[in-house]
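# Coordinates in review
The primary structure of each chain is shown beneath.
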Amino acid sequence: MSIKELESQEKSQILLNKISSAIAPFQVSNLIVKGNCIEIYESQYNQILKINIDDIYKMTWIKFDCIHEVTFEYKKNFQEKYLIDNESGSRSFDVLKTKVAQSNFTNNYQRLETIKQIQNGEIIKCHSRVNKQIYVAKIQRNNHFMIDRELQINLYIAQHPHENVASIIEYYFENDQIILIYPYFSGGTLNQHVNSNASDINMIKVKSIMKQILSGLNHIHNLGIIHRDIKMDNIMLEDIYDHKSIRIIDFGFSTFKENLSYLCEKCGTIGYFAPEIINGKHYNEKCDIYSLAQVFHVLLTGNPMFDRNMNTQQIIRLSKHNLFAIDYRNVKDKKAQHLLFKMLDFQENRYTVVQCREHSYFNKAQNLQLKIQSVETFQFKSPF
Ligand SMILES: Nc1ncnc2c1ncn2[C@@H]1O[C@H](COP(=O)(O)OP(=O)(O)OP(=O)(O)O)[C@@H](O)[C@H]1O
Ligand SMILES: [Mg+2]
């Protein structure tokens, strides 16, 4: 055997070793995702196979130079392996990665740093070995129904994305953990933004930020989801220099509205949750509007509505009776005051997301007035 032949044999052996496993792969030319079904066209047998996506537990998807290798692990405990041509592989992977969990997070990502330790795991910044981009992974032990609910809501949102709502790129099941992959939002949370750029948040910016959050919330509510943890830490900016890049994150407390039994469940963050939640009453999506009012107050005044020196018990006692003190000295705009008040009303009279969006605070003439005012203030500002 010549050296060339030996080399080529070695090369094919390496490729085979990479692809090899206990199960022999089917050579496939086309894999098409149609709704909840995968259609596989096997060139060898000239037939179409149909797989129901719900039957797959997870998949391992490996992209070689000119071929994709996918292994489906089924809930019924068996596996199938397919080799798919490049073009069809890339196309179907893009659709499947938000519908089926993958299994090889550690292979695909390199951990860079921990962003935050959370109750059930951690949030990390990581580097994709596949496309060399930076992402965020929310890694949580799969030991509570709320973790699975968070996954289901994220999957639903991924199928119905919106520019102001964070959407997963893909997800993994590895070592009994659920790992959600998001784009990295380098602009930080609204909390970080307000604390680092307090002077930079002018009234036009506040209006724009509020408009975007309301747009995202409207989308979430229209999908039948209640967020239940709207707060400064759960609203992010994709880009620090672009205040039009608002993203609502964290569906850890979210629920589908139709799960009526949950709608007495107490969850949220002290200082943000609505009186009906604290009082154990049946509630609805308007609880998000109450929480958003707290965000609105911080954006307008730089301070939370409940004094920073109050303890949890004091805040809960006041929230129970819906007692609050708007910092009117710092909310001079009458329309902003009115909107804030309507967002903080008791559930029956509180504004819905649609009513908030239609409020005159957001109309264009008012915006123009603000712009003129800011130019005037700038022009006539005393140099002393
Ligand atoms: N895509 C992202 N890009 C950058 N940072 C992020 C991203 N997602 C989350 N973070 C950071 O991690 C923090 C926690 O994320 P998240 O709210 O999803 O977790 P959590 O379990 O609800 O934590 P918490 O109890 O703080 O709300 C966020 O407040 C933010 O600082
Ligand atoms: Mg959070």
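Since we're looking at a predicted model, the values are computed, not measured. (Residues numbered from 1 in each chain as written. Chains lettered and ligands numbered in written order. Predicted model: local features only at pLDDT ≥ 70, side-chain atom pairs only at ≥ 80, totals over all residues.)

### Some points on the overall build of the chain
Across its full length, the chain carries 12 helices and 17 strands. Each of the 384 residues in the chain was classed as buried or not, and the buried ones make up 29%. Here the analysis covers contacts within the chain between residues at least 6 apart in sequence; of these, 58% occur between residues at least 24 apart. (Helix = DSSP H or I, 4+ residues; strand = E, 2+ residues; numbered from the N terminus. Buried ≥ 20, exposed ≤ 12 C-beta atoms within 10 Å, placed from the backbone. Contact = placed C-beta atoms within 7 Å.)

### Re the packing of helix 6 (residues 203–222) against helix 8 (residues 286–301)
The geometry of a pair of packed helices is captured by two quantities: the angle between their axes and the separation between those axes. At their nearest, the axes of helix 6 and helix 8 sit 11 Å apart, and the two run at 165° to each other. In terms of axis orientation, helix 6 runs roughly antiparallel to helix 8. Here helix 6 runs over helix 8; the crossing is right-handed. Between helix 6, through Val-206, Ile-209, Met-210, Ile-213 and Leu-217, and helix 8, the contact on the second element is made entirely by Asp-288, Leu-292, Phe-296, Leu-299 and Leu-300. For the contact of helix 6 with helix 8, the class distribution of residues is 9 nonpolar, no polar and 1 charged. (Axes fitted to C-alpha atoms, helices over the stretch in contact; angles between N-to-C directions. Parallel < 35°, antiparallel > 145°, perpendicular 65-115°, else oblique. Left-handed = near helix turned anticlockwise from the far one by under 90°. Nonpolar A, V, L, I, M, F, W, Y, C, P; charged D, E, K, R; others polar.)

### A closer look at the nonpolar core
Counting 72 residues, the largest nonpolar core has Tyr-171, Ile-179, Ile-213, Leu-292, Phe-296 and Met-343 as its most contacted members. Every residue in contact with Tyr-171, bar those within four places of it in the chain, is listed here: Ala-101, Leu-151, Ile-178, Ile-179, Leu-180 and Ile-181. (Core = buried A, V, L, I, M, F, W, Y, C linked by C-beta atoms within 7 Å.)

### Observations concerning the confidence of the model for the chain
Residue-level pLDDT values for the chain average 86, and 85% of them are 70 or greater. Low pLDDT, under 50, characterises residues 8–21; the predicted model gives this stretch 3 contacts beyond four residues in sequence or across chains. Confidence drops under pLDDT 50 across residues 375–384; counting only partners more than four residues distant or on other chains, this segment forms 0 contacts. (pLDDT = per-residue confidence, 0-100.)

### Re the site of ligand 1
Lining the immediate environment of ligand 1, one finds 15 residues, of which Ile-118, Val-136, Tyr-182, Phe-185 and Asp-250 sit closest. Looking at the shell around ligand 1, the elements that each hand over two or more residues are strand 9 (109–118) and strand 11 (134–141). The element best represented in the shell around ligand 1 is strand 9, accounting for 3 residues. If you count residues domain by domain, the shell around ligand 1 takes at least three from each of domain 2 (106–183) and domain 3 (190–373). (Near = placed C-beta within 6 Å. Domains from an automatic or database assignment.)

### As for unusual backbone geometry
Even without being glycine, Lys-132 reaches a positive phi, approximately 65°. Position of Lys-132 among the secondary structure elements: in the loop between strand 10 (121–128) and strand 11. Residue Asp-176 is not a glycine yet carries a positive backbone phi of 55°. Topologically, Asp-176 is positioned in the loop between strand 12 (170–174) and strand 13 (177–183). Note on Asp-176: 8 C-beta atoms within 10 Å, which makes it exposed.

### Considerations on the pairing of strand 9
Across the 10 residues that make up strand 9, only a small minority, 0, are buried. Alignment of strand 9 against strand 10, held across 8 bridges, turns out to be antiparallel. Pairing of Gln-110 across the sheet is with His-127, part of strand 10. The antiparallel pairing of strand 9 with strand 10 creates a hairpin that spans 2 residues between the two strands. (Pairing = 2+ DSSP bridges.)

### So, the environment of Ile-240
Among the structural elements, Ile-240 can be located in the loop between strand 15 (235–239) and strand 16 (242–248). Since 15 C-beta atoms lie within 10 Å of it, Ile-240 is described here as partly exposed. Remark: the alpha-carbon pair of Ile-240 and His-193, spanning 47 residues in sequence, is separated by 7.9 Å. Residues within four places of Ile-240 in sequence aside, it is in contact with Ser-186, Gly-187 and Gly-188.

### A word on the environment of His-243
Mapping His-243 onto the fold places it in strand 16. For His-243, a count of 20 C-beta atoms within 10 Å puts it in the buried group. If near-sequence neighbours (up to four positions away) are discounted, His-243 is found in contact with Lys-205, Ser-208, Ile-209 and Leu-237.

### Notes on the pairing of strand 13
For strand 13, the tally of buried residues reaches 5 of 7 residues, placing the bulk of the element in the interior. Taken together, the 5 bridges between strand 12 and strand 13 define a ladder with antiparallel strand orientation. Counted as the bridge partner of Tyr-172 is Ile-179 from strand 13. In sequence, strand 12 turns back onto strand 13 through a hairpin of 2 residues, with Asn-175 there showing a positive phi of about 50°.

### Here's the deal with helix 2 (residues 86–96)
In an α-helix, one turn spans 3.6 residues; hence positions three or four apart end up facing the same way. Within the sequence span of helix 2, burial applies to Gly-89, Ser-92, Phe-93 and Leu-96. Down the axis of helix 2, the smallest arc covering the buried residues is 110°, so these residues share one side. Along helix 2, exposed side chains directed more than 90 degrees from the buried face belong to Glu-87, Ser-90 and Asp-94. Against the buried residues of helix 2 lie strand 2 (30–34), strand 5 (56–63), strand 6 (67–74) and strand 7 (79–85). (Arc of directions from axis to C-beta.)

### Some thoughts on the packing of helix 8 against helix 10 (residues 334–343)
The geometry of helix 8 relative to helix 10 is characterised by a closest axis approach of 8 Å and an angle of 150° between their N-to-C directions. Here helix 8 lies roughly antiparallel to helix 10, going by the angle between them. Read as a crossing pair, helix 8 and helix 10 show a hand that is left-handed. Listed contacts from helix 10 to Ile-289, Tyr-290, Leu-292, Ala-293, Phe-296, His-297 and Leu-300 of helix 8 are Ala-336, Leu-340 and Met-343. Classifying every residue of the contact of helix 8 with helix 10 gives 9 nonpolar, 1 polar and no charged.

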